[in-house]
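Structural overview for review
Chain residues, written in single-letter form:
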Amino acid sequence: MIQLNVNNETSRLRAVILGIAYSNGSTPTAEEAYDPKSLEHILKGTYPVERDMVFEMEAFEKVLLKYDVKVYRPQLIENYNQIFTRDIGFVIDDVFIKSNILPEREHELDAIQYIIEQFDPQKVVRPPVEVHIEGGDVMLWGDYIFIGTYKGSDYENYITARTNKQGVEYIKNLFPHKIVKEFDLIKSKIEARDNALHLDCCFQPVGKDKGIIYKRGFREEADYMYLVALFGKENLFHLKRNEMYEMNSNVFSIDTNVVVSEKKFKRLNKWLRGHGFIVEEVPYAEIAKQEGLLRCSTLPLIRD
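First, a word on what this report is: a plain description of the structure on this page. What you see is a predicted model, and the numbers here were worked out from it, not measured in a lab.

Section: the sheet that holds strand β13 (residues 258-262)
Strand order in the open sheet formed by 3 strands is β12-β13-β14, and the pairing between neighbours is mixed. Among the strands making up the open sheet, the edge pair consists of β12 (252-255) and β14 (278-282). Between one strand and the next, the sheet's axes are offset by a mean angle of 30°, whatever the strand orientation. Packed on one face of the sheet, helix α2 (residues 50-66) meets β12, β13 and β14 and runs near 150° to β14. Running at roughly 155° to β14, helix α8 (residues 266-274) makes contact with β13 and β14 of the sheet.

A short note on the sheet that holds strand β10 (residues 210-213)
Strand order in this open sheet of 3 strands is β9-β10-β11, and the pairing throughout is mixed. Both outer strands of the open sheet, β9 (203-206) and β11 (236-238), are each paired with one neighbouring strand and no more. Recorded for the sheet is a direction-independent mean angle of 20° between the axes of neighbouring strands. Bridge analysis of β9 against β10 gives 4 bridges, and the strand direction is antiparallel.

With respect to the environment of E221
Mapping E221 onto the fold places it in helix α6 (residues 221-231). The class for E221 is partly exposed, based on a relative accessible area of 47%. Considered as a pair, E221 and D184 are 37 residues apart in the sequence and their alpha carbons are 9.8 Å apart. Here K215 takes part through its side chain, which lies 3.3 Å from a polar atom of the side chain of E221.

Some details on the side chain of D137
Take D137: it is sitting in the loop between β5 (124-125) and β6 (138-141). Under the relative-accessibility criterion, D137 is labelled buried at 1%. Residue contacts for D137: discarding those within four places in its chain leaves F146, I147, G148, R162, T163, L185, L197, H198 and L199.

Here's the deal with unusual backbone geometry
Of note, S23 is a non-glycine position whose phi angle comes to about 45°, a positive value. Taking relative accessible area as the criterion, S23 reaches 13% and is therefore assigned buried. Non-glycine residue N79 carries a positive phi angle of around 55°. Residue placement: N79 occurs in the loop between β2 (70-72) and β3 (89-92). Here N79 falls in the exposed class, since its relative accessible area comes to 59%.

A closer look at the packing of aromatic side chains
Think of a pair of aromatic rings as described by two things: how far the centres are apart, and how the planes are tilted against each other in angle. Overall, the coordinates contain 11 aromatic pairs when judged by the stated rule. Plain terms: the ring middles of F60 and Y284 are 5.7 Å apart, the flat faces sit at 85° to each other, and that makes the pair edge-to-face. On the criterion of sequence distance, the pair formed by F60 in helix α2 and Y284 in the loop between β14 and β15 (298-303) is long-range, its members being 224 residues apart. Since its relative accessible area comes to 0%, F60 is described here as buried. Take Y284: its relative accessible area is 0%, and that puts it in the buried class.

Here is what the cut-offs are and how they apply
- Residues numbered from 1 in each chain as written.
- Predicted model: local features only at pLDDT ≥ 70, side-chain atom pairs only at ≥ 80, totals over all residues.
- Heavy atoms only, no water.
- Pairing = 2+ DSSP bridges.
- Helix = DSSP H or I, 4+ residues; strand = E, 2+ residues; numbered from the N terminus.
- Axes fitted to C-alpha atoms, helices over the stretch in contact; angles between N-to-C directions.
- Contact = heavy atoms within 4.5 Å.
- Buried < 20%, exposed > 50% of the residue type's maximum accessible area, 1.4 Å probe, protein only.
- Polar contact = N/O pair within 3.5 Å; in protein donor to acceptor, adjacent residues only side chain to side chain.
- Phe/Tyr/Trp six-rings, centres within 6.5 Å; stacked < 30°, edge-to-face > 60°.

Set out below in structure tokens:
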């Protein structure tokens, strides 16, 4: 039995599901793109190839194993993208919540069923069908649950809008003892530099009191100001537009003082080291072309 426990983003990681990049399938057509960044690379002919993505994920896994993290992997489905495990489920406290993801991605959940069967079945939930919520939009910070959403009346028209207001209400009802704060995110179907696909595309806590943030990822300045008030402006690393596009906020914490980051994130990595963090640099720029990075490809199960 796996005893689930996750109540923040940064304490010592003990067990995680890391996606896989093998048998990733052929390059999607423009019509099949789930997000504007993938679309951009499909049209430019620079969409990532399998061997590069496998190489990057193996580099990430080596770092996790270096810190004695138990790493689970999905079962292989031929010709199917299984990199981004964060989308398909997430743990809050000791509860595993299965996401209602895009229907064509449903098999990704089947591929981790052998792991889910090791959880207490009383602690595994699946929201009703009208509830849309993905792990990239859910961020835990002690008593807080931060949730990215999109409140535009045109929600249905946006494949990039992944968590709806019913998703926020579902989490509020499931965890009444928590402070649930929702953030209305900027969405774009055509310009990746103006699309916060998930909350972790424009914000993520690091360490005990720090965070990485992109002000223009929020539709309402009040939402950005809420985080500034909570963390303190001096504790936040402010991303530039291109850094947000390169997914600088999508790093991954193994411990309060250990952050896995993309090796090209020079400004961010320098800032982290300046604040006492151990920065484990890995190559992840090819995977980033699909508008997902290190946090997106992990599903933490146990943190101290």
